[in-house]
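Examination of the molecular architecture
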Amino acid sequence: MFKYNITYIMKLKNNKWHFSFIAIALVFALSISCKKEDSKNNTNTNNPNVIAPPDATITDGEGNTYKTVVIGTQTWMAENLKVTKYRNGDSIGTTYPATKNTHSETSPKFQWAYNGVDNNAATYGRLYTWYTITDSRNVCPAGWHVPTDAEWTMLEYFLGGDSIAGGKLKEVGTAHWLSPNIGATNETGFTALPGGGRNYFGPFYYVGDYGGWWSTTEYDTTNAWCCTLSTNSTGISRGYDDKKAGFSVRCVKD
């Protein structure tokens, strides 16, 4: 099993952020599946017709409404989470400036609009630390939760395996994904968008090129599992990153 650490890539070159080199490294990492299985395990033996386009919505406590979609036995939000408050109404903190270094904090609970620009959240949702999305106050609406790694794996398996599932999840075209957006069909209605990410040292990166989504499952005491999609791949990659990093969230129905 190959695993990649996204934050490690972003710390190359003594934190001088040589983006041209980093972009190559990240594209290479995302082009390789982080969970390799035998081809027999990547075969979709479920009914491929059990995919329903978005036909229902869910509204969070702040009045944000999200399309939902049924894929196999799961019901997912078809948009990235946008909340700035937990389910009980408590505010989720952010940083000022948005690029503040949070590396020294023990268990930071923050949310950000990409680059600190709220208009970005309307399209791409917000980025959250792992400590935020696992807080007992909950970020998802009642009856919904942040998926586990196993639930992401179930989605991947239903869609035929890691090498092709990403294309079935990505929004078609280049309105939000940068070219080439390889293999995007969005036949599931999941409409995955490239919300980028946030390194715990502060910088935001790769909106348009890349989307990363948390699971609630720990990899170890420092890292947690996440799934990523890239404009350069039809696949979905399973990796891990530091819990202090910022990634998108999709909620799944209980």
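A few points on the structure. Just so it is clear, the model here is predicted, and its values are computed rather than measured. (Residues numbered from 1 in each chain as written. Predicted model: local features only at pLDDT ≥ 70, side-chain atom pairs only at ≥ 80, totals over all residues. Heavy atoms only, no water.)

Details of the nonpolar core
Here is the rule we go by: By nonpolar core is meant a set of buried Ala, Val, Leu, Ile, Met, Phe, Trp, Tyr and Cys residues that side-chain atoms within 4.5 Å join together. Each residue gets one of three labels from its accessible area relative to the maximum for its type: buried under 20%, exposed over 50%, partly exposed in between, using a 1.4 Å probe on protein chains only. Numbering of helices and strands runs from the N terminus; a helix is a DSSP stretch of H or I covering at least four residues, while a strand is a stretch of E covering at least two. Only heavy atoms enter the contact rule, under which two residues are in contact if any of them lie within 4.5 Å.
Counting 25 residues, the largest nonpolar core has Leu81, Ile133, Val139 and Trp214 as its most contacted members. Looking at this core, the elements that each hand over two or more residues are helix H4 (130-133), strand S9 (210-218) and strand S10 (223-230). For this core, the element with the highest residue contribution is H4, accounting for three residues. Those residues in contact with Ile133, other than ones at most four positions away along the chain, are Tyr128, Val139, Val146, Trp214, Ser215, Thr216 and Val249. The next biggest cluster of nonpolar side chains, apart from the first, holds 18 residues, and it includes Ile71, Trp152, Ala165 and Trp213.

A word on the packing of aromatic side chains
Here is the rule we go by: Only centres within 6.5 Å qualify two rings of Phe, Tyr or Trp (six-membered ring in Trp) as a pair; their planes then separate them into stacked at under 30 degrees, edge-to-face at over 60, and tilted for everything else. By definition here, charges over rings are those cases where NZ of Lys or CZ of Arg is within 6 Å of the ring centre and within 35 degrees of the ring normal.
One pass over the structure, following the stated rule, counts 13 aromatic pairs. Both rings, one in Phe110 and one in Trp112, keep their centres 5.7 Å apart while their planes meet at 50°; by these two values the pair is tilted. Both residues of the pair, Phe110 and Trp112, belong to the buried class. Every member of this aromatic cluster is reached through a ring pair, and the members are Trp76, Trp152 and Phe190. Over the ring of Phe204 we find Arg198, and its NZ or CZ is 5.6 Å from the ring centre. In this structure, Arg250 packs its charged tip against the face of Phe190, placed 4.3 Å from the ring centre.

Read these as spatial facts, not as claims about activity.
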